[in-house]
Amino acid sequence: MSDRIVSAEVLVTSPGRNFVALKITTADGAVGWGDATLNGRELAVAAYLRDHVCPILLGRDAARIEDTWQYLYRGVYWRRGPVTMAAIGAVDLALWDIKGKITGQPVYQLLGGAVRDRVLSYTHATGWDVPALADAVDAVRARGFRAVRVQTGVPGLDSVYGVTKDGAPYEPAGRGNAPAEEVWDTEAYLRHAPGALAEIRTHVGPDLALLHDAHHRLTPIQAARLGKALEPVDLFWLEDVTPAENQEVLRRVRAHTTTPLAIGEVFTTIWEYQQLITEQLIDFVRAAVSHAGGITHLRRIAALAEVWQIRLAPHGPSDVSPVALAGSLHVGLATPNFAIQEYMGYPDVVHEVFRHDWTYADGHLHPGEAPGLGVDVDETLAARFPYEPAYLPVARRRDGTLTDW
Ligand code: GCO
Ligand code: MG
C-alpha cells in the first residue's frame, strides 16, 4: 500500500461562476478534492498551486496532513495572505478527503465523530424595499430555514451589494473584464437599515434568527451606533461592521452595543484572529474552511475561539465551492463550538459538476456518510465551462472616492 502522492492537478471551471479545484491522486489510486476558489482572484491561486505547490507535493506521503500543512506554511518563508492560505486550504481538504477514502470513513468521524445530529444553516433573503424583503424572507422560511440573512436596498441609491431588485439570489462576482462600480452612501444606509430591519422583525415574530451583513463599510462610531440601534431587532449577528485591518477599533463598538458581532470572512489565519478572539471583540468567527488553510487550521481557530466562548460560523457564499462546503460541514458536525453554516446555495449546474453527498433539509445541512468529504467532480462536464473573468464590484462614495469593503 502506498499513500505517496503521484499527481496534483488544478482544475478551473466556470459553471455559472468560477471555481478552482485541486485533485490529488496517490500511487494506490485514491483521489482527493480540495477547493482553492478565491473570488475574483481565481487564477492567482491556480498559478500558485500549479507552479509552486503541485510539483513539491509529488512523492510526499498523503497521510501526513499536519506535516504537509507545516511544510507549506512554515516551510515557504512567505507566509499568510489569502492566495497562499487558499492554496494550503485546497491541499489540506484534498488530503483529508484521501484519508477518509483510504480508511472508509466520512471525515467527521476522523475528527472525533458527530457532536450534533445536523448542522444549523442560514441562507440569504434580499429585497429592494421592505415588502419585497418580507416576501423573500417568507419564501426562505417556507423552505425550512430558521435563520436568514436580510439585506435591503437603500433609498436614493441605484444598487446595493448583496441586494437584487427582483428578490432573486445575488451572485457576488459579475462577469466581465473589470469590476462593476456602485455608488455607496453610508449615511443613507444608516438612516434606513434600523427601521427596515425592525419592520422585518415585526413581520417574522420573535423566533426566526435574523442576521445582517454591513460588508466592512462603517467607521467604528457608525458601527457602534448601528449595533445600538439594532438591539431591539435582536439580531443573531451583525457582520463585518468595520474594515479588516485595524481590529482595535472594535473595542469602541463593543463598548456601546450588545448586538453580537460576526467577523472574519477575509481573515485566513489563527494569528489574524488572535486579537479578535482573546479580547472578545467578536462573537462569531466567519473563516471559510478553504480560505483559512483547510480543516486542519479551521479546527485550530475553533479551539482558540472555544476558550473565549466564541463560536464558529463558516463563510458559505456561492464562491465557496461544494467541496469546501463539504469540508465545513464535516467540521461543523464534529466541533462543539460550531454555531451555524452559511448556505447561500448554487445554481443547478454547480450541483451537477460537483456531485455531493451533503444534503439540505429543514433548515439544516448534513455532510453525509460517504468516505472522505463526499464530493466527486464531474471533470468532463467541468471542462465544458472554461474560466470567464469575473469580479466583485467596487463601491465609490457620492464624490467618487473609493470606499471600503
Ligand atoms: C457573505 C459575504 C459574501 C462575500 C463574497 C466575497 O456571504 O457573508 O459577505 O457575499 O462578499 O462571498 O467573495
Ligand atoms: Mg459577509
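Residues numbered from 1 in each chain as written. Chains lettered and ligands numbered in written order. Predicted model: local features only at pLDDT ≥ 70, side-chain atom pairs only at ≥ 80, totals over all residues. Heavy atoms only, no water.

The name an unreviewed UniProt entry assigns to the protein is D-galactonate dehydratase family protein, from the organism Amycolatopsis mongoliensis.

> I keep staring at the site of ligand 1 and nothing clicks. Help me out?
In the vicinity of ligand 1 there are 15 residues, among which Tyr161, Tyr170, Glu265, Asp319 and Glu342 approach most closely. At 2.8 Å, a side-chain N or O of Tyr161 approaches an oxygen atom of ligand 1. Measuring from an oxygen atom of ligand 1, one finds a side-chain N or O atom of His215 at 3.4 Å. Taken by itself ligand 1 offers 340 Å² of open surface, and the protein chains cover 94% of this. When the residues that make up the shell around ligand 1 are grouped by side-chain class, the tally is four nonpolar, four polar and seven charged. (Near = heavy atom within 4 Å. Polar contact = N/O pair within 3.5 Å; in protein donor to acceptor, adjacent residues only side chain to side chain. Areas by Shrake-Rupley, 256 points an atom, 1.4 Å probe, with all protein chains shown as cover. Nonpolar A, V, L, I, M, F, W, Y, C, P; charged D, E, K, R; others polar.)

> Looking at this model, I keep getting lost on the side chain of Ser7. Mind explaining?
Mapping Ser7 onto the fold places it in strand E1 (residues 5-13). Here the side chain of Ser7 touches Glu9 through a polar contact of 3.5 Å, side chain to side chain. Sequence-distant contacts of Ser7, that is, excluding residues within four places in its chain, are made with Lys23, Ile24, Thr25 and Leu58. (Helix = DSSP H or I, 4+ residues; strand = E, 2+ residues; numbered from the N terminus. Contact = heavy atoms within 4.5 Å.)

> Sorry if this is basic, but what is going on with the nonpolar core here?
Most often, soluble globular proteins have nonpolar side chains that are buried together. By size, the foremost hydrophobic cluster in this structure holds 120 residues, and its most contacted members are Ile24, Leu49 and Val285. The leading source of residues in this core is helix H3 (residues 82-103), at 11 residues. Residues within four places of Ile24 in sequence aside, it is in contact with Ile5, Ser7, Ala8, Ala30, Val31, Gly32, Leu57, Val91, Ala94, Leu95 and Ile98. By size, the runner-up hydrophobic cluster in this structure holds 10 residues, among which are Ala209, Ala262, Phe284 and Ile340. (Core = buried A, V, L, I, M, F, W, Y, C linked by side-chain atoms within 4.5 Å. Buried < 20%, exposed > 50% of the residue type's maximum accessible area, 1.4 Å probe, protein only.)

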